[in-house]
Amino acid sequence: MNILITGGAGFIGSAVIRYLINETKHNILNVDKLTYAGNLESLAAVANNPRYHFCQADICDKNHLIQLFNNFQPDAVMHLAAESHVDRSISSSAEFIQTNIVGTFQLLEASRHYWNSLSKEKQSLFRFHHISTDEVYGDLNNSATELFTEVTPYAPSSPYSASKASSDHLVRAWYRTYGLPVIITNCSNNYGPYHFPEKLIPLTILNAMQGKKLPVYGNGEQIRDWLYVEDHARALYVVVTKAKAGETYNIGGHNEQKNIDVVKDICSLLDELVPNKTFGITSYKELITFIPDRPGHDVRYAIDATKIKRDLNWVPQESFQSGLRKTVLWYLNNQEWVNRILTGEYQKWIQKQYQS
Ligand code: NAD
Ligand code: TYD
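Since the structure is predicted, the reported quantities are computational estimates derived from the model, not experimental observations.

Peer 1: Can you explain the overall build of the protein chain? Please cite residues and give values.
Peer 2: A tally of helices and strands in the protein chain yields 13 helices and 13 strands. Relative to the globule expectation of 21 Å for 356 residues, the C-alpha radius of gyration of the protein chain, 20 Å, shows essentially globular dimensions. Along the three orthogonal principal directions, the C-alpha set of the protein chain runs to about 65 × 50 × 35 Å. Here the protein chain holds 356 residues, and 56% of them are scored as buried. Residue pairs in contact within the protein chain that sit at least 24 positions apart in sequence constitute 81% of those at least 6 positions apart. Of the roughly 15,200 Å² of accessible surface on the protein chain, a fraction of 49% belongs to carbon and sulfur atoms.

Peer 1: Talk me through the layout of surface pockets; I want residue IDs and the actual numbers.
Peer 2: Its volume calculated, the largest pocket comes out at about 220 Å³. Along its surface, the largest pocket is lined by 15 residues, and Met1, Asp75, Leu125, Phe126 and Arg127 are the ones closest to its centre. Of all the elements in the fold, those that place two or more residues in the lining of the largest pocket are α5 (120-125) and α8 (229-242). Counting residues per element, the lining of the largest pocket draws most heavily on α8, at three residues. Across the lining of the largest pocket, the residue classes break down as nine nonpolar, two polar and four charged.

Peer 1: Give a description of the site of ligand 1 that names residues and reports values.
Peer 2: With respect to spatial proximity, 28 residues lie near ligand 1, and among them Ile12, Asp32, Ser84, Tyr160 and Lys164 are the closest. The separation between a nitrogen atom of ligand 1 and a polar side-chain atom of Asp58 is 2.9 Å. The contact in question runs from a nitrogen atom of ligand 1 to an N or O atom on the side chain of Thr99, over 3.0 Å. Look at ligand 1: alone it shows 840 Å² of surface, and the protein chains cover 97% of it. Contributions of two or more residues to the shell around ligand 1 are made by α1 (11-23), β5 (127-133) and α6 (159-178). If you tally residues by element for the shell around ligand 1, the top one is β5, at three residues. By residue class, the composition of the shell around ligand 1 is 13 nonpolar, 11 polar and four charged.

Peer 1: Got a sec to walk through the site of ligand 2? Specific residues and values, please.
Peer 2: Of all residues adjacent to ligand 2, which total 16 residues, the nearest are Glu135, Pro215, Arg224, Arg294 and His297. With respect to ligand 2, the side chain of Glu135 contributes an N or O atom lying 2.6 Å from an oxygen atom. The separation between a nitrogen atom of ligand 2 and a polar main-chain atom of Pro215 is 2.8 Å. Starting from 510 Å² of accessible surface for ligand 2 in isolation, the protein chains cover 96%. For the shell around ligand 2, the element with the most residues is strand β8 (residues 214-217), which contributes three residues.

Peer 1: Summarise the sheet that holds strand β1 (residues 2-6); cite the residues concerned and give the values.
Peer 2: The strand order β3-β2-β1-β4-β5-β6-β11 describes an open sheet built from seven strands, whose pairing is parallel. Here the strands that pair on one side only, and so sit at the sheet edges, are β3 (52-56) and β11 (248-251). Here the average twist between neighbouring strands, direction ignored, is 20°. Against the sheet, helix α2 (residues 62-72) touches β1, β2 (27-32), β3 and β4 (76-79), its axis set at about 170° to β2.

Criteria and thresholds
- Residues numbered from 1 in each chain as written.
- Chains lettered and ligands numbered in written order.
- Predicted model: local features only at pLDDT ≥ 70, side-chain atom pairs only at ≥ 80, totals over all residues.
- Heavy atoms only, no water.
- Helix = DSSP H or I, 4+ residues; strand = E, 2+ residues; numbered from the N terminus.
- Rg over C-alpha atoms; globule rule 2.2 N^0.38 Å.
- Buried < 20%, exposed > 50% of the residue type's maximum accessible area, 1.4 Å probe, protein only.
- Contact = heavy atoms within 4.5 Å.
- Areas by Shrake-Rupley, 256 points an atom, 1.4 Å probe, with all protein chains shown as cover.
- 1 Å grid on protein atoms, 1.4 Å probe; cavity = no way out; pocket = protein on both sides within 12 Å on 5 of 7 lines; lining within 4 Å.
- Points joined across faces, edges and corners; volume = space filled by probe spheres on them.
- Nonpolar A, V, L, I, M, F, W, Y, C, P; charged D, E, K, R; others polar.
- Near = heavy atom within 4 Å.
- Polar contact = N/O pair within 3.5 Å; in protein donor to acceptor, adjacent residues only side chain to side chain.
- Pairing = 2+ DSSP bridges.
- Axes fitted to C-alpha atoms, helices over the stretch in contact; angles between N-to-C directions.

Spelled out as C-alpha cells, the structure:
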C-alpha cells in the first residue's frame, strides 16, 4: 500500500512511521508542516529507507494536498496532524481551529477529489483514517466505574477537544454525504519516547532531572488512561488495514492512573536510576508542587476497548510499569534530542535545509 500520513513528525505519527517502515512493506509519504511539535529527528532511524518520503506541507493548503495525492496515489490516508496540547488551546485557540477543523476539512476535500478519480475497485479499498482522542467525550466522574464507549455522546470541554470533536463530525459527514470510506479512532493519553516535553509525563521527567518544580494541577486526583505509544501505533495499523469503512474504534490501555500517582511513580524511578542528585534533595518527590487547576479541567478519562479487541483482535502489550520505565530510560539516554527540541536549534536547522 501507499500510505499518506499527516503529522508524521509528531509524537504518535513518528511512532506509526517507525512501525510501518520497520514492520511492514508499505510506502509512506509523511506530510507535515513541522510546527514546534514536529521533529524529523524522531524519524532519523528510517529517514534513509527508500519506502519513506517526506514533504513539508500545511494540511490547510488544499492545492498542495491535491498535488501530493496525484503524485503519490495513496491507498490510505492516516490523518494525525493536529495541534494537540490542551493548555496551549486554552491560552491561544486560533491554531487549533485552523489546523484541527479547517485543515481536516481541506484534507477531506483533497481526499474526496482524488477518491472520485479512482476506479470502483480502488474506491472501495481506499481508507481515510482519522486519528482522534477520547477527550471528545468530555469527562467521567472519578468515583464511578463508567467507561467511554464508541456510542458515548460527545461533550468536549476544552478548545482542543472541541476542535477534535468538530473534525470527527466533519469526517462522519464526508462518509454519510459523499461515501468517502472513513474510519475514526478515539484514543486515550499516549506516553513514550519522542514526546514533546510540554505534556505531563515528559515534562515531569525533564523537570526532575534538572531539579525544577514538578507542577501538579489542582489536587492531582484527575485520572488519565495511559497507553504506550507503540501499542497505539500497532492498533492504528490494524485498524487502517482491517476496519470496515464507516467504523469507529476506541483505543485504550485499561490503565487508569491519578496524575499525582504518575508523578510519584516517575520520581521513584528517577530515585532508583539517578540517585546522585546535585540540588539538595533526598527524593525527587520533594520537587512536587501543587499549582492552580487548569480551567475546565476534565476529571477522568477511561476507555472501553472491547470493540477493537473483539473485531480486530488488538490488545495492548505494554504494562504501565514497564512502559514508564522504558520512557524514563529513553529520556535519560536521549538528552541531546531533548536539548535540541527545547532550544529550537533543530527546528531552525531543518527549516534551513528545506528552504535551500
Ligand atoms: P503532536 O503535537 O506531537 O504532533 C502533531 C504533528 O502535526 C506535528 O508533527 C506537527 O508539525 C504536525 N502539524 C501540526 N499542524 C499541522 C498542519 N497545519 N499541517 C501539517 N502538519 C501539521 O501530536 P500527537 O500527540 O502525535 O498527536 C497526533 C494525533 O493523535 C492528533 O490528531 C491528536 O489529536 C491525536 N491524539 C493524541 C493523543 C496523545 O496522547 N498525544 C491521544 C489521542 C489522540
Ligand atoms: P497532558 O499531558 O497535558 O494531557 P491531557 O490534558 O490531554 O490529558 O495532561 C495530563 C494530565 O496531567 C491532565 O490532567 C493535566 C495534568 N497536568 C499536570 O498536572 N501538570 C502539568 O504540568 C501538565 C502538563 C499536566
